[in-house]
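Observations on chain architecture
Listed below are the residues making up each chain.
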Amino acid sequence: MAFQSKQSMTEPRDRTDAVQGIEGVLLANRDRIVRFLEVRGAGDGAEDLFQDLWMRLTDRQSGPIADPLPYIMRAANNLMLDRYRSARQRDLRDKAWGEASAATHAPSSETSLISREQLRLVETAIAATGDRPAQIFRRFRVDGIGQRDIAVEMGVSLSTVESDLRKVYAALAMVRRQFDAS
Amino acid sequence: MQADPTNAEARAIDWLIRQRDPSFDDWDGFADWLAEDPGHAAVYDALACLDQDLDALPAAPRPVIADIATTPPRPSRRSWFGGAIAAAMVGAVSLSSLGLFGNAERIETLAGEHRSITLADGSKIDINGGSVIEIDPDRPRFARLETGEAMFHVVHRDNDPFVVETGGARIVDLGTAFNVVRRDRQTSVAVSEGIVLYNPDRDNVRLVAGKGIAAQDGDRQPPIVQDVDVANVGSWRTGLLVYNGTPLAVVAEDLKRTAGMQVRIAPEASALSFRGALIIDKNRGRTIADLAALSGTRAERQGEGWILTR
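The residue numbering used here restarts from 1 in each chain and proceeds along that chain's sequence as written. Chain letters start at A and ligand numbers start at 1, both assigned in the order the entries are written. Reporting of local features is limited, given that this is a predicted model, to residues whose pLDDT is at least 70; pairs of side-chain atoms are given and counted only at 80 or more, and all residues count toward the totals for whole chains, interfaces and linings. Heavy atoms throughout the structure, all of them, feed into the side-chain values; hydrogens and water do not.

**A few points about helix α8 (residues 147-154) of chain A**
Looking at α8(A), one finds that the buried residues are Gln147(A), Asp149(A), Ile150(A), Ala151(A) and Glu153(A). Secondary structure is summarised from DSSP: a helix means a run of H or I of at least four residues, a strand means a run of E of at least two, and numbering begins at the N terminus for each. One or two steps after α8(A), the chain reaches Gly155(A), where phi turns positive at roughly 65°. Working definition: with a 1.4 Å probe on protein chains only, accessible area under 20% of the residue-type maximum means buried, over 50% means exposed, and in between means partly exposed.

This is the structure we're talking about:
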């Protein structure tokens, strides 16, 4: 049969192809991506950030990407989030500076913005939502299990999983407002 | 400004939850929501930022890998969860200084993207496309396959078995090369060298080279051991997919993962199964033509991909 005679196996397309692929998709969807960056909070800086995004994506070692647009949009979203983190970190540092804090770290999107103390409050808040929501949240957020799998594992409906997750996140949003107020 | 900040927050939470799914693609819908109110981006950022910080949350302790020789009676599922909750509560007091999962590394491949990683102990993991795997430098003998497919070549250590966790199952090596697929609610394992134990503390299925299982989530019985062709275990790495009466939808899923090909199966063809070997040709059209010919379907181009009809 035809398939038996073929000896050649998949040769992964080389990196140049992959990069050209990404560049092509970036170009073809330029307006859409810029609009996303704009509404995502970049405003007038969206064009510049598009360049940053371009560098990030074409610079990176990666294999061929099958579904590039969602990948790019996710990268754009992460780019904005990194900027938010850096800005917030600067704010926190400036605030701490006023309070004569010693060592200041260079802002980085890597470092956690919440203290141990705050993390403890977060954990307490999660536990306070109840056993099932806390467990569902933990499986979802810490163990990275999909909602459908959690539903099966816990023997509850998918909508229960969804509403429990919303409940825990809402509790966390409340905790966060308290951090900001303090 | 915002008419209803709580509502904005609830919507931001929904987006966050949805975006955790690796296959989320409604970025236009998300952009529309952001455009509705200039305040939405800030609400989202604040929550997303907090959500990222939750990476520091310690993982709930799992049942320790039982000494395989002297398996203690397995705690019921219920008490296991209870234990995890209790541990979570304790965590609220003693806490994250342990940072059990602080160093976990999440590797996500896109459809068609293959990646190979070597762990500190020399064990090797080949990751197929469309997969998510988690490794932890602090736990060198452990990996979690969240979704997708990976082939493991594990360096065996008598007293320190390598454990792969996927779905609710644990796969424990006894000196081994094996392939694991995690698809929607199903786990398949195929062994090409050595021995692995599937769920030693529950099903305790022993798989030697040339054997495999396919387990559905929620199965009450241990999965039935089947013969597999050793030569074809993990052969996706060289672009060869071998089937023995497999539903076309599963073949389509494999093609997407392994080669990034979008193949849809028309409803009237969905009951067909496929038997044979597919080579992922550089010319993807040939692969599709083979699949169509061997499954008695017709292939047509559709958008970026193909559709198989009867």
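**Details of the pairing of strand β16 (residues 305-309) of chain B**
Residues and elements named next belong to chain B. The buried count for β16 comes to 5 of 5 residues, which makes it a mostly enclosed element. Going residue by residue along β16, you find Gly305, Ile307 and Thr309 tucked away on one face and Trp306 and Leu308 tucked away on the opposite face as well. In this analysis, strands are considered paired if DSSP registers two or more bridges between them. Relative to β16, strand β13 (residues 263-265) is paired through 3 bridges, and the arrangement is parallel. Counted as the bridge partner of Arg264 is Ile307 from β16. As defined by bridge partners, strand β15 (residues 298-302) adjoins β16 across 5 bridges and the pair is classed as antiparallel. Pairing of Ala299 across the sheet is with Leu308, part of β16.

**Describing the side chain of Arg139(A)**
All names here are of chain A. Structurally, the position occupied by Arg139 is in helix α7 (residues 131-142). Look at Arg139 and you get buried, because its relative accessible area is 5%. A polar atom in the side chain of Arg139 sits 2.7 Å from the side chain of Glu153. N or O atoms closer than or at 3.5 Å make up a polar contact, with two conditions inside protein: a donor-capable atom paired with an acceptor-capable one, and, for residues adjacent in sequence, both atoms drawn from side chains.

**Digging into the confidence of the model for chain A**
Low pLDDT marks regions whose predicted coordinates should not be analysed in detail. Values of pLDDT, the confidence the predictor places in each residue, fall between 0 and 100. When pLDDT is averaged across chain A, the result is 78; 74% of the residues are at 70 or more. Segment residues 100-110 of chain A: pLDDT under 50, and 13 contacts once partners within four positions in sequence are set aside and those in other chains are kept. Every residue pair with non-hydrogen atoms within 4.5 Å of one another is taken to be in contact.

**Structural notes on the nonpolar core**
What we call a nonpolar core is a set of buried Ala, Val, Leu, Ile, Met, Phe, Trp, Tyr and Cys residues that are connected through their side-chain atoms within 4.5 Å. Membership of the largest hydrophobic core comes to 67 residues, with the highest contact counts inside it found for Leu26(A), Leu37(A), Leu53(A), Phe137(A) and Leu172(A). What Phe137(A) contacts, discounting residues up to four positions off in sequence, is Ile126(A), Val142(A), Leu165(A), Val168(A), Tyr169(A), Leu172(A), Leu54(B) and Leu57(B). Ranked by size, the runner-up nonpolar core spans 26 residues in total, among them Ile133(B), Ala169(B), Val189(B) and Val191(B).

**A word on the packing of aromatic side chains**
Within a pair of aromatic rings, the relevant descriptors are the distance that separates the centres and the angle that separates the planes. Side-chain rings of Phe, Tyr and Trp (the six-membered ring for Trp) are treated as a pair once their centres are within 6.5 Å; stacked means planes under 30 degrees apart, edge-to-face means over 60, and tilted covers the remaining angles. The final tally for this structure, using the stated rule, is 13 aromatic pairs over all chains. On the numbers, 4.9 Å between centres and 90° between planes, the contact of Phe24(B) with Trp27(B) is edge-to-face. Residue Phe24(B) shares its accessibility class with Trp27(B), and that shared class is buried. When the ring of Phe152(B) is compared with that of Phe178(B), the centres are 5.2 Å apart and the planes differ by 15°; the resulting orientation is stacked. Separated by 26 residues along the polypeptide, Phe152(B) in strand β5 (residues 139-154) and Phe178(B) in strand β7 (residues 169-183) bring together distant segments of the chain. Of the two residues, Phe152(B) and Phe178(B), neither departs from the other in class, the shared state being buried. Feature note: the residues Phe36(A), Trp15(B), Phe24(B), Trp27(B), Phe30(B), Trp33(B) and Tyr44(B) constitute an aromatic cluster, connected by ring pairs.

**What to know about the side chain of Asp173(B)**
Residue and element names in this part refer to chain B. Relative to the elements of secondary structure, Asp173 occurs in strand β7. Within this scheme the basic residues Lys and Arg register as positive and the acidic residues Asp and Glu register as negative, but His and the chain ends are omitted. By convention in these notes, a salt bridge is any Lys or Arg side-chain nitrogen within 4 Å of a carboxyl oxygen on Asp or Glu. Summary of buried charges: Asp173 has no salt-bridge partner, and the nearest side chain of opposite charge, Arg141, is 4.2 Å away. For Asp173, the side chain forms a polar contact with the side chain of His156, separated by 3.3 Å. In this structure the side chain of Asp173 is engaged in a polar contact, spanning 2.6 Å, whose partner is the backbone nitrogen of Phe162. Every residue in contact with Asp173, bar those within four places of it in the chain, is listed here: Arg141, Val154, His156, Pro161, Phe162, Phe178, Ile195 and Val196.

**A short note on the pattern of salt bridges**
Close approach of charged atoms allows side chains of opposite charge to pair. All names here are of chain B. Counting across every chain of the model gives 38 salt bridges over all chains. Note that Asp227 is salt-bridged to Lys211, the shortest N-O span being 2.5 Å. On the criterion of sequence distance, the pair formed by Asp227 in strand β11 (residues 226-227) and Lys211 in strand β10 (residues 211-216) is long-range, its members being 16 residues apart. Residue classification places Lys211 among the partly exposed residues on the basis of a relative accessible area of 27%. Look at the salt bridges and you will find they share partners, linking Arg106, Glu108, Glu134, Arg144, Glu146 and Glu165 into a network.

**Some points on the packing of helix α5 (residues 248-259) of chain B against helix α6 (residues 284-295) of chain B**
Residue and element names in this part refer to chain B. Axes here mean lines fitted to C-alpha atoms, for a helix over just the part in contact, with angles spanning 0 to 180 degrees between N-to-C directions. It is at 13 Å that the axes of α5 and α6 come closest, and there the two elements cross at 165°. When the axes of α5 and α6 are compared, the pair comes out roughly antiparallel. The hand of the α5/α6 crossing is right-handed. Within the contact between the two elements, α5 uses Leu248, Val251, Leu255 and Ala259 and α6 uses Arg284, Thr287, Leu291 and Ser295. Only Asp, Glu, Lys and Arg are considered charged in this grouping, and only Ala, Val, Leu, Ile, Met, Phe, Trp, Tyr, Cys and Pro are considered nonpolar; every other residue, Gly among them, is considered polar. Partitioning the contact of α5 with α6 into residue classes produces 5 nonpolar, 2 polar and 1 charged. What sets the label is the angle itself: under 35 degrees gives roughly parallel, over 145 gives roughly antiparallel, 65 to 115 gives roughly perpendicular, and the rest give oblique. Crossing handedness: left-handed means the near helix sits turned counterclockwise from the far one by under a right angle, and right-handed means the same turn made clockwise.

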